[in-house]
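Residue-level structural notes
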Amino acid sequence: MKVTVVGAGAVGASCAEYIAIKDFASEVVLLDIKEGYAEGKAMDLMQTASLNGFDTKITGSTNDYAKTANSNICVITSGIPRKPGMTREELIGINAGIVKTVSSNLIKHSPDTIIIVVSNPMDTMTYLVHKTTGIPKNRIIGMGGALDSARFKYRLAEALGAPISDVDGMVIGGHSDTGMVPLTRLATRNSVPVSEFISKERLEQVLQETKVGGATLTGLLGTSAWYAPGAAVSALVQAIACDQKKIFPCSVLVEGEYGLNDLCIGAPVVLGKNGVESIVEINLSADEKAQMVASAKGVSATNALLEL
Ligand code: NAI
């Protein structure tokens, strides 16, 4: 199993590290446009192998796509991250050009690969990869919901005073502060609805904290987060590589699902060796449906800024 990660920056390197530590891939290629950067990150990571006990071989490449040939999975993290006060949508100008070039180069060398898009604005970048590569929709996956759901569970556990492993919850919709749809109605603590444990007001606070989860970290760090994003990407890569058939909310091309068309937006999907094995349609309440429609409007408005 060969995995390429384009962009050896904060998220790319974190994701390569988690993939290696989980030890399911034979090879990870880190590629970056900055001279020597990916090679340096790969060497540093390889020097953790004997300490962390993995056999995954990590190599680096300065923009040489021949080194990525025949990758089973390619992750795109190349692009600029947001700074405090910026929205993800403001990154579109620079990142669209990068994502378009990078995805085209990847496909040339790995025509059968599954692509995971991370660069922001992620739903729009995922849509761009659909529009410009023409590869089947099951092989194009945007990572956002897995991260937002992890942040939701963190905030829920905090509010409940419960261990995170006892808490379950999912965030669907667009990967933006205004587009996320945390499904509080379906969130549980040991299978019991969370509304049994905390007040409506506290739940509303959890919801708001989840939506600005990325912005909160950007304010603290001066740039966007990398540990949880890297871990979320590695979980998707593992689900595909190991044909786990796990369900994650991912940004996928919708063709009628949730009453939506012609955009990529977060929905629960089964991930396996074919990438997106199926989209799961949850029976949403009227309010949740309305939130999904509003979220889709926001994503479509950003998509309209693309020069296709
Ligand atoms: P970073 O600045 O640390 O790393 C980006 C890397 O991309 C840099 O090393 C840069 O040299 C490289 N790069 C730029 N143009 C390139 C090209 N044409 N080819 C190859 N490499 C190129 O940024 P960070 O923090 O790793 O974030 C990366 C992206 O991921 C940003 O757009 C950020 O907004 C996004 N992100 C998305 C998340 C999600 O949930 N979807 C979560 C966190 C970040």
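Residues numbered from 1 in each chain as written. Predicted model: local features only at pLDDT ≥ 70, side-chain atom pairs only at ≥ 80, totals over all residues. Heavy atoms only, no water.

Of regular secondary structure, the protein chain possesses 10 helices and 14 strands. Taking the principal axes of its C-alpha atoms as reference, the protein chain extends roughly 55 × 45 × 35 Å. Long-range pairs, those at least 24 residues apart, make up 70% of the contacts in the protein chain between residues at least 6 apart in sequence. Surface exposure of the protein chain reaches about 13,000 Å², of which carbon and sulfur atoms provide 54%. The distance from the centre of the 27 positive side-chain charges to the centre of the 31 negative ones in the protein chain is 1 Å. (Helix = DSSP H or I, 4+ residues; strand = E, 2+ residues; numbered from the N terminus. Contact = heavy atoms within 4.5 Å. Areas by Shrake-Rupley, 256 points an atom, 1.4 Å probe, with all protein chains shown as cover. Lys, Arg positive; Asp, Glu negative; His and termini not counted. Charge placed at Lys NZ, Arg CZ, Asp CG, Glu CD.)

Before going further, it helps to spend a moment on the site of the ligand. What surrounds the ligand is a group of 28 residues, the closest being Ala10, Val11, Asp32, Ile80 and Met143. Methionine 143 is positioned such that a nitrogen or oxygen atom in its backbone is 2.8 Å from a nitrogen atom of the ligand. Contact distances for the ligand include 3.1 Å between an oxygen atom and a side-chain N or O atom of histidine 175. Protein chains shield 88% of the accessible area of the ligand, which is 870 Å² for the free molecule. When each cavity is represented as a set of grid points, the ligand is found to reside in the largest pocket. Secondary structure elements with two or more residues in the shell around the ligand: α1 (10-22) and α4 (92-109). Top element by residues in the shell around the ligand is α4. It accounts for 3 residues. Here the shell around the ligand is built from residues that sort into 16 nonpolar, 10 polar and 2 charged. (Near = heavy atom within 4 Å. Polar contact = N/O pair within 3.5 Å; in protein donor to acceptor, adjacent residues only side chain to side chain. 1 Å grid on protein atoms, 1.4 Å probe; cavity = no way out; pocket = protein on both sides within 12 Å on 5 of 7 lines; lining within 4 Å. Sits in = over half its atoms within 2 Å of the grid points. Nonpolar A, V, L, I, M, F, W, Y, C, P; charged D, E, K, R; others polar.)

What follows is about the UniProt feature "domain: Lactate/malate dehydrogenase C-terminal" (unreviewed entry) in the protein chain. Taking the UniProt record as the reference, the feature "domain: Lactate/malate dehydrogenase C-terminal" (unreviewed entry) is found at residues 147-297. A distance of 22 Å separates the end C-alpha atoms of residues 147-297, which is 41% helix and 26% strand. (UniProt positions renumbered as here; feature names shortened; annotations may be inferred.)

With that settled, consider the packing of aromatic side chains. Counted according to the given criterion, the structure contains 1 aromatic pair. Judged by centre distance (5.7 Å) and plane angle (50 degrees), the rings of tryptophan 226 and tyrosine 227 are tilted. Here tryptophan 226 falls in the partly exposed class, since its relative accessible area comes to 26%. Here the guanidinium or amino end of lysine 34 rests over the ring plane of tyrosine 37, the centre of that ring lying 3.9 Å away. (Phe/Tyr/Trp six-rings, centres within 6.5 Å; stacked < 30°, edge-to-face > 60°. Buried < 20%, exposed > 50% of the residue type's maximum accessible area, 1.4 Å probe, protein only. Lys NZ or Arg CZ within 6 Å of the ring centre and 35° of its normal.)

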